[in-house]
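Analysis of the macromolecular model
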Amino acid sequence: MTFVPVLDRYLMAYTAFGTDGPRIAVAHSQDGYRWERLGLASFAPDLPQGDDKDGVFSRAGALANGVSSLAIYHRADVAALDDGGRGAVPTLLALAPYERECTRIGYIPLEPG
């Protein structure tokens, strides 16, 4: 949960489970007690998609491609590691950098566009 001054409200990134596995969903609140769900977060469709259940908002605004936005940091789990983690490093290094598990930054425009 993060208070975002430019919106004068709290934002919460939480884990929603569905048929596609865990995904980040977003809710907002003016007082931190009553929440309204906004739905699933949608990230760049050209990146590998996978389980995504860790997310946090930045308190300050950001400029993304010249657009005033909020940043959300999230960790997409894109590599299937079925050997108990023993082959994690070689498996991840064999992937192209954009396909690896990592912390990503998504941007949400503050104005409709």
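Small disclaimer: the values here were computed from a predicted structure and weren't measured.

Conventions adopted
Residues numbered from 1 in each chain as written. Predicted model: local features only at pLDDT ≥ 70, side-chain atom pairs only at ≥ 80, totals over all residues. Heavy atoms only, no water. Helix = DSSP H or I, 4+ residues; strand = E, 2+ residues; numbered from the N terminus. Buried < 20%, exposed > 50% of the residue type's maximum accessible area, 1.4 Å probe, protein only. Contact = heavy atoms within 4.5 Å. Areas by Shrake-Rupley, 256 points an atom, 1.4 Å probe, with all protein chains shown as cover. Pairing = 2+ DSSP bridges. Axes fitted to C-alpha atoms, helices over the stretch in contact; angles between N-to-C directions. Core = buried A, V, L, I, M, F, W, Y, C linked by side-chain atoms within 4.5 Å. pLDDT = per-residue confidence, 0-100.

1. A few points about the overall build of the chain
Regarding its fold elements, the chain presents 1 helix and 7 strands. With 113 residues in all, the chain has 27% of them scored as buried. Within the chain, contacts between residues separated by at least 24 positions form 50% of all contacts whose residues are at least 6 apart in sequence. Just so you have it, the chain exposes about 7600 Å², and 53% of that area is on carbon and sulfur atoms.

2. Remarks on the sheet that holds strand S7 (residues 102-109)
With respect to topology, 3 strands assemble into an open sheet ordered S5-S6-S7, the strand pairing being antiparallel. Each edge of the open sheet carries a strand with a single partner, namely strand S5 (51-64) and S7. Averaged over all adjacent pairs, the angle separating strand axes in this sheet is 25 degrees, with direction ignored.

3. Some remarks on the nonpolar core
If you look at the biggest cluster of nonpolar residues, it comprises 8 residues: Val4, Leu11, Ile24, Val26, Phe43, Phe57, Leu70 and Ile72. Within the residue set of this core, elements represented by two or more residues are strand S3 (21-29) and strand S6 (67-77). Beyond its immediate stretch of four places on either side in the chain, Val4 contacts Arg9, Leu11, Ser58, Arg59 and Leu70.

4. Quick look at the confidence of the model for the chain
Per-residue confidence for the chain averages 81 on the pLDDT scale, and 83% of its residues sit at or above 70. For the chain, helix H1 (residues 88-94) is the element with the lowest average pLDDT, namely 76, and strand S4 (residues 36-40) is the one with the highest, namely 93.

5. Re unusual backbone geometry
Phi is positive for Asp8, which is not a glycine, with a value near 55 degrees. Here Asp8 lies in the loop between strand S1 (2-4) and strand S2 (9-18). Accessibility expressed as a relative area gives 54% for Asp8, which makes it exposed. Here the phi dihedral of Asn65 falls at roughly 55 degrees; this positive angle occurs in a residue that is not glycine.

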